[in-house]
Amino acid sequence: MARLAADPAHPDNTQRLSHGWEYLQETLSGPWEVWHSQEIASWQSIAMPHCFNAYDGCDPDTACYRGNGWYRTHLPIANPYPNGRTLLHFEGAGQDTTIYIGDTLIGKHVGGYDEFVFDITEAVAKLPPPPPPDPKKKKSADGVPVAILCDNSRDLDRMPSDLSDFTLYGGLYRHVNLVYAPVVSLEAVHIKTTLPSPKSPAQIEVVATLYNPVKSTDTVTLTTEILDTAGTTVHTAKQTLAPWTGTKSLTNFSLRSPKLWSPATPHLYQCRITLSTSGSEITSHETFGIRHTEWVDHGPFKLNGERLLLRGTHRHEDHAGYAAAMPDDLIEQEMHLIKELGANFIRLAHYQQSRRVLELCDSLGILVWEEIPWCRGGIGSEVFQEMGRRTLRNMITQHYNHPSVLLWGLGNEDDWPTEYPEVNQQKIRAYLSELNDLSHQLDPSRMTTIRRCDFARDIPDVYSPSIWAGWYSGTYPEYQKSLETQRERVKHLFHAEWGADSHAGRHSENPDKALAAVATGHGTDERGLAYLKSGGDARVSRDGDWSETYACNLFDWHLKVQDTLDWFAGSAQWVFKDFTTPLRVDNPVPRINQKGLITRDMQKKEGYFVFQSYWSEQPMAHIYGHSWPIRWGAEGEQKMVKVYSNCETAELFVNGVSAGIRHRNSQDFPAAGLRWMTPFVEGTNKLHVVAKRGTTTVTDEIEFIYQTKAWKPPAAFKLRELHREADKTIIEATLHDADGTLCLDARNRVRFTVAGDGKLMDNMGTPDGSRVVEAANGRVRIGVRHTGNGDVSVAVSSNGLPTTALGIKRT
């Protein structure tokens, strides 16, 4: 089985298999039943990629499906190469994948995230000829019958652990490609770049392995061409060789004045290798970059000789309505949002991600920590351990050429307290040491890393401890002390995972209230099962309000600290986008980790702009509260207005009157000094800010209602139709006390139901796309998709409150 065989970005020999697929979500006795199942199964037509947990990944009532998902299609095979090879190339599928041609087993791949290739040449050749057409029967599909079984059932011998805090999705959720190759082709091409110092010439070596399953001895001619960032050829080499085994150097040359890759200038070189044999030719395309890295002991990170504070976030491959099967355009949109945040670093959690993500990191200038899926799971069996070795080999082989890749991650939280079969420190240390050595053998140019396994912190080159100041333990003002303590314990410190959950649309007039009960001076790490919303010591994650307001304060404090530490290498906030997890059914949006800066459908939360105010180069200004329609307090009470901006000065106007000019100072918490205390008028208020940086002026404005009337406990719902478009209606439910006053701090858990010709637009994993959800400041929303011409009734309920319904008439 080959690891790499073709480049889908250059489709001269590659066909993306996006259409003509059918799917069945149940168990069959084998491939024979795939093609003879009319009486026992109903197959559905689907487009690829496809995740069979796209809808149920965050179902509030039932855990997502874990089991068999069958796919079938017919492929017309027309290999243009004489005696060429026909391959199926999978960019990733979950979690175990078994491939059949007709009834013939081709092979099985275990693991949900690395790429894999199966050669189907012989199996296709052995297929019997199709029967002559029978006019009495329905016309059969043309082409080679392909059946694929994906299985995400629980498996103690497979990484990641089933106790991992994210959904182990099932399905063909990345692209599948049909690849044609000559008898002999290139399997993997690596471009090794050596830059002794930022000012020195770069040494470039191109090495390759062959795919030659029939052991051909015919000579091959290889032409290697290197193009610079402007598309100009800077090196060529041509040679005729006998087929080889293992890795062979194809060319080695020096670039006197290379253009260096960096987040600010992500220069990319091109490598084209054309392999010619008698009667066939195939070209491999690779991109690479040249850069110099240095990790100063107990100090900062340097790129190309200059200190670069790594400003990062994290990414799971997950999206509302698609789960892991994200379309390419949404992946691109997400990565551009990360770049616009001002990030120059990302940790791809907790597994090898789509090649599209790496390509975008290369071109946008985002450094990468990519890791194998040893996420929890203790030491596991030998089968489990071999999977770790294999996925590490595959990840490095498949993503070696990406200049964005800075760190190879060897695991995550492998000291988790409840793991199977045990948390044996010596065994885990020995296995981690083995992976560390293997990584250095495969790629001596990159450092290794791991997050949260304190008893093994000395093994990888770079270590990230658990510091969750102000969330899972401690308070956020303790953050700097935690960093300084950890700095002395390891040679190279990086801080991965920090932040807070926030329920999008929930805001607070007193966000830091929960901090008063939290013990200080005892560390800020995540201990035991502190992610649970019950038990244990007081902590904001359990006792706080989960408001965007608190999250912004926590982000603001962490960023101001990081801004001043000249020794600090950098950090990655957890996480860029909300994602599903089977472990957090009690969250405000059930089964969703809500620590994202954007929601699962990529709507920006207020925290996004806090990061922009510290990291973005583009001048910006954002008044806190765009999703806060009603503020509250006493008449004449001084209320805080915060503006997040990277500009030097900002002037706030309250209802058309200037409240004064403020000067930005990153250490003046909160909002870097861009804050005002001002009264609001009862009813509608308008805020407008004018911020200036040099000769550039940016503005922002919001409008909201100020409520002075106090409220009692919620007593009833009010339901109304917000708006209607085509076949969709948006419904809002609000919580009111016995006097009809809106309860602006209500956090009741509510449930929507529907009857009639309609279907709830639920299981999206968003605050306005879940049939069970907590209220945000006394309000909740959901959409209804009309499925017919009849009327629809939507009801909302919550414990202790009368159920309320709203009828929607179709016009």
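Here, every reference points to the structure presented above.
Residues numbered from 1 in each chain as written. Predicted model: local features only at pLDDT ≥ 70, side-chain atom pairs only at ≥ 80, totals over all residues. Heavy atoms only, no water.

Caption draft 1: Representation of helix H10 (residues 607–615) within the structure. Among the 9 residues in H10, 9 count as buried, and that is most of the element. The inward-facing, buried residues of H10 contact strand S21 (310–315), helix H3 (328–341), helix H9 (548–562), strand S31 (621–623) and strand S33 (639–645). (Buried < 20%, exposed > 50% of the residue type's maximum accessible area, 1.4 Å probe, protein only. Helix = DSSP H or I, 4+ residues; strand = E, 2+ residues; numbered from the N terminus. Contact = heavy atoms within 4.5 Å.)

Caption draft 2: Focus on the packing of aromatic side chains. Counted under the stated rule, the structure contains 34 aromatic pairs. Both rings, one in Trp 374 and one in Tyr 431, keep their centres 5.0 Å apart while their planes meet at 75°; by these two values the pair is edge-to-face. You can see Trp 374 sitting in the loop between strand S23 (367–371) and helix H5 (382–399) and its partner Tyr 431 sitting in helix H6 (residues 425–442), a full 57 residues away along the chain. Tyr 431 carries the same exposure label as Trp 374, and that label is buried. (Phe/Tyr/Trp six-rings, centres within 6.5 Å; stacked < 30°, edge-to-face > 60°.)

Caption draft 3: Structural detail: the layout of surface pockets. Computed from the structure, the second largest pocket encloses a volume of approximately 940 Å³. Forming the boundary of the second largest pocket are 40 residues, of which Ala 504, Gly 505, Pro 767, Asp 768 and Arg 781 lie nearest the centre. Counting residues per element, the lining of the second largest pocket draws most heavily on strand S44 (residues 779–786), which supplies 5 residues. Per-class residue counts for the lining of the second largest pocket are 15 nonpolar, 13 polar and 12 charged. (1 Å grid on protein atoms, 1.4 Å probe; cavity = no way out; pocket = protein on both sides within 12 Å on 5 of 7 lines; lining within 4 Å. Points joined across faces, edges and corners; volume = space filled by probe spheres on them. Nonpolar A, V, L, I, M, F, W, Y, C, P; charged D, E, K, R; others polar.)

Caption draft 4: A look at the pairing of strand S9 (residues 144–151). S9 sits mainly inside the fold: 8 of its 8 residues count as buried. Of the two faces of S9, the one holding Val 144, Val 146, Ile 148 and Cys 150 and the one holding Pro 145, Ala 147, Leu 149 and Asp 151 are both buried throughout. Of the strand pairs in this sheet, strand S4 (residues 68–75) and S9 are connected by 8 bridges, and their pairing is antiparallel. The partner of Tyr 71 across the bridge, within S9, is Ile 148. Direction of pairing for strand S6 (residues 96–101) relative to S9: antiparallel, over a ladder of 6 bridges. (Pairing = 2+ DSSP bridges.)

Caption draft 5: Summary view of the pairing of strand S2 (residues 21–24). The pairing of S2 with strand S3 (residues 44–46) spans 3 bridges and is classified as antiparallel. From the neighbouring strand, Tyr 23 faces S3, where its bridge partner is Gln 44. Across 3 bridges, the pairing between S2 and S4 is antiparallel. Bridging across to S4, Glu 22 finds its partner in Arg 72.

Caption draft 6: Spotlight on empty space enclosed by the protein. Under the criterion given, the structure shown has 6 cavities of 30 Å³ or more. Considered as a void within the structure, the largest cavity measures approximately 140 Å³ in volume. Forming the walls of the largest cavity are 18 residues, and the residues nearest its centre are Asp 165, Arg 376, Glu 413, Glu 497 and Trp 574.

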